[in-house]
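As a plain string of letters, each chain reads:
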Number of protein chains: 2
Amino acid sequence: MVAHSTGGVVLSLASKRRSIRRYRRDSINIGDVLYAIKAALQAPSGANMQPWRFVVVVDPKMKVRLREVCEEWEKRFHESPTLPAWFREWLRRRGITWRKDFLTDAPVLVAVAAYKKAPYARESTWLAIGYLLLALEERGLASLTYTPPNPRRVAAILGIPEDYTLETIIPVGLPGEDKAKEPRMSLREAVYLDSWGKQLPEGVEG
Amino acid sequence: MVAHSTGGVVLSLASKRRSIRRYRRDSINIGDVLYAIKAALQAPSGANMQPWRFVVVVDPKMKVRLREVCEEWEKRFHESPTLPAWFREWLRRRGITWRKDFLTDAPVLVAVAAYKKAPYARESTWLAIGYLLLALEERGLASLTYTPPNPRRVAAILGIPEDYTLETIIPVGLPGEDKAKEPRMSLREAVYLDSWGKQLPEGVEG
């Protein structure tokens, strides 16, 4: 098994990108956001149905409304006694609370909706979100795939029709924090050869 | 709204990539496939659970077994009287039948599994698949996100445990067909500003 490795742009962008929760309020070039959406629109989808729609939110009033309805439900979620202990601890360590400042701090929010009746709508839409994140990173823009705890309520505020699901709201802007990348698994931890549990040969790094 | 546009690597890779169903049998450098998986491993995921696992299949016998069980169910699917007429026509135009030659022709198959109990396991895994496809394209490798009609049966052949779902099998190799890109929506068709239905200003191209 020959497995020599050289770097590349995609790996470099993927490695550099971090999920950013604090944003500077500085405005950004909306053309950079549209560039990233343009890349997302090129993604493959089930039967090429292109089930995704994007709502680019720049209106401060809309951002405030979105934040209010998200935080109302985030409070319930964070205070819920059924939240697993490990997850409560995971959130605490990262300083993640019910407050979602990024929904009003970030100069742009990109809400992504998926057409329910398309085949593999959710899968296709998230694949396209992968394209989007890398293209935002290429333009030096920070992002986060925030999934509201109450997508139906939030979708209604944006006017998203019933036959679409709101999949995520992605704040986009300049990072207001400098954080380390969360650790990732190595190739040998996450990849098997030919069947489950059969490890790659030692020394393999792609 | 300033929205000037310049090109970029991500958009270029995204635009060039096509879903390829015919593969040359020529072998490829497995290091290129591992490079792409390495990029996928850098994707964000719910609570950083990294719910994805990859099974890289190069063994010809395993490929034959996978193809057999997929085609058995593909036949049922393609011959099913409940298949919508529009979809039957969509398949016919593209010459897509129950035969899945790519499962044995492509030198490498990448099966992707997702850990069911992780938060947003499916979403995270498909986002990572977006990274994977762009990185394969960067290395000049063709790919297809093939979703078997009987994922549970196929997962069993690969030894994938019950608490994982098989999300896709991605054939990877050199393209054996030269096909045009399926058309995509424009920015103005797929993107709204501030709320659903409100179009971007005329002339905007990101």
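Everything that follows concerns the structure shown earlier in this document.
Summary of the structure given here. (Residues numbered from 1 in each chain as written. Chains lettered and ligands numbered in written order. Predicted model: local features only at pLDDT ≥ 70, side-chain atom pairs only at ≥ 80, totals over all residues. Heavy atoms only, no water.)

**Observations regarding the pattern of salt bridges**
Pairing is possible between side chains that carry opposite charge, provided their charged atoms lie close to one another. All names here are of chain A. Rule in force here: Salt bridges are defined as contacts in which a side-chain nitrogen from Lys or Arg sits within 4 Å of a carboxyl oxygen from Asp or Glu.
In this structure the tally under the stated criterion is 26 salt bridges over all chains. Ionic pairing is found between D194 and K198, a salt bridge with its closest N-O pair at 3.9 Å. Taken together, the shared-partner salt bridges connect R67, E71 and D101 into one network.

**Some words on the interface of chain A and chain B**
Rule in force here: Whether two residues are in contact is decided by their heavy atoms, any of which lying within 4.5 Å being enough. Here the quantity called buried area is the accessible surface, traced with a 1.4 Å probe, that two parts lose on coming together, added over both. Elements are defined by DSSP. Helices are runs of H or I of four residues or more, strands are runs of E of two residues or more, and each kind is numbered from the N terminus. Under the scheme applied here, ten amino acids are nonpolar (Ala, Val, Leu, Ile, Met, Phe, Trp, Tyr, Cys and Pro), four are charged (Asp, Glu, Lys and Arg), and all others, including Gly, are polar. We call two strands paired when DSSP finds no fewer than two bridges between them.
The partner chain B presents 84 residues to the 84 residues of chain A that form the contact. Of the roughly 7200 Å² buried between chain A and chain B on both sides combined, carbon and sulfur atoms contribute 65%. In terms of surface lost to chain B, no three residues of chain A exceed Q42(A), D194(A) and W196(A), which account for 11% of the buried area on that side. Between chain A and chain B we count 2 salt bridges in total. In this structure, R122(B) engages E123(A) in a salt bridge whose closest nitrogen and oxygen atoms are separated by 3.7 Å. Within the residue set of the side of chain A that touches chain B, elements represented by two or more residues are α1 (9-16), α2 (30-40), β1 (52-57), α4 (85-93), α6 (121-138), β4 (164-173), α8 (187-190) and β5 (191-193) of chain A. Residue composition of the side of chain A that touches chain B, grouped by class: 51 nonpolar, 18 polar and 15 charged. Bridge count between β5(A) and strand β1 (residues 52-57) of chain B: 3 bridges; the pairing is parallel. Directly across from V191(A), in β1(B), lies its bridge partner F54(B).

**Some points on the relation of the copies chain A and chain B**
Heads up, the condition is: Least-squares superposition aligns the copies on the C-alpha atoms of those residues with pLDDT at or above 70 in both.
Each copy of the sequence occupies a distinct position, and chain A is placed on chain B by a rotation of 180° and an axial shift of 0.0 Å, giving an RMSD of 0.0 Å. On the angle and the small slide along the axis, the relation comes out as a two-fold axis. Taken as a fraction of all interface residues of chain A, those also at the interface in chain B reach 100%, which identifies the copy contact as same-surface.

**Digging into the packing of aromatic side chains**
Describing an aromatic ring pair means giving the distance of the ring centres and the angle of the ring planes. Our working rule: Pairing of aromatic rings covers Phe, Tyr and the six-membered ring of Trp, with a centre-to-centre limit of 6.5 Å; geometry is then stacked below 30 degrees between planes, edge-to-face above 60, and tilted otherwise. Relative accessibility decides the category of a residue: with a 1.4 Å probe and only protein chains considered, values under 20% of the type maximum give buried, values over 50% give exposed, and everything between is partly exposed.
Across all of its chains, the model carries 14 aromatic pairs over all chains by this definition. Ring geometry for F77(A) versus F87(A): centroids 6.3 Å apart, planes at 70°, classification edge-to-face. One end of the pair, F77(A), is in helix α3 (residues 60-79); the other, F87(A), is in helix α4, and 10 residues separate them in sequence. What makes F87(A) buried here is its relative accessible area of 15%. Considering the side-chain rings of Y115(B) and Y164(B), the 5.2 Å spacing of their centres and the 50° angle between planes classify their relative orientation as tilted. Of the two residues, Y115(B) sits in strand β2 (residues 108-115) while Y164(B) sits in strand β4 (residues 164-173), which places them 49 residues apart along the sequence.

**Points about the packing of helix α1 (residues 9-16) of chain B against helix α6 (residues 121-138) of chain B**
Residues and elements named next belong to chain B. The test is simple: Between the N-to-C directions of two axes lies an angle of 0 to 180 degrees, each axis being a line fitted to C-alpha atoms and, for a helix, fitted only over the stretch in contact. Angular relationships are summarised with four words: roughly parallel below 35 degrees, roughly antiparallel beyond 145, roughly perpendicular across 65 to 115, and oblique for the angles in between.
Between α1 and α6, whose axes approach to 9 Å, the crossing angle comes to 85°. Considering the angle they form, α1 stands roughly perpendicular to α6. Contact with α1, carried on its side by V10, L13, A14 and K16, involves L134, E137 and E138 of α6 and no other residues of that element. Along the lines of polarity and charge, the residues of the contact of α1 with α6 split into 4 nonpolar, no polar and 3 charged.

**Observations concerning the sheet that holds strand β2 (residues 108-115) of chain A**
Taking strand neighbours across the sheet as the criterion, the 5 strands line up as β3(A)-β4(A)-β2(A)-β1(A)-β5(B) in an open arrangement whose pairing is mixed. Only two strands of the sheet have a single neighbouring strand rather than two, namely β3 (142-143) of chain A together with β5 (191-193) of chain B. In the packing of helix α7 (residues 151-158) of chain A onto the sheet, contacts are made with β1, β2 and β4 of chain A, and the angle to β4(A) comes to roughly 75°.

**Observations regarding α6(A)**
All names here are of chain A. What counts here: Any helix carries an expected span of 1.5 Å times its number of residues minus one.
The end-to-end C-alpha separation of α6 is 26 Å, in line with the 26 Å expected for 18 residues at 1.5 Å each. Where burial is concerned, most of α6 is hidden: 16 out of the 18 residues are buried. The first or second residue beyond α6 is G140, which carries a positive phi of 75°.

**Concerning the nonpolar core**
Operational definition: Residues enter a nonpolar core if they are buried and are Ala, Val, Leu, Ile, Met, Phe, Trp, Tyr or Cys, with the set joined through side-chain atoms within 4.5 Å.
Grouped together as the largest cluster of nonpolar side chains are 82 residues, with contacts concentrated most on I37(A) and I37(B). The residues contacting I37(B), other than those within four sequence positions of it, are L187(A), V191(A), F54(B), V56(B), V110(B) and L132(B).

**Focus on the pairing of β1(A)**
Residues and elements named next belong to chain A. By the criterion of burial, β1 is predominantly enclosed, with 6 of the 6 residues buried. Of the two faces of β1, the one holding W52, F54 and V56 and the one holding R53, V55 and V57 are both buried throughout. Pairing between β1 and β2: 6 bridges, direction antiparallel. Paired with V55 across the bridge in β2 is A111.

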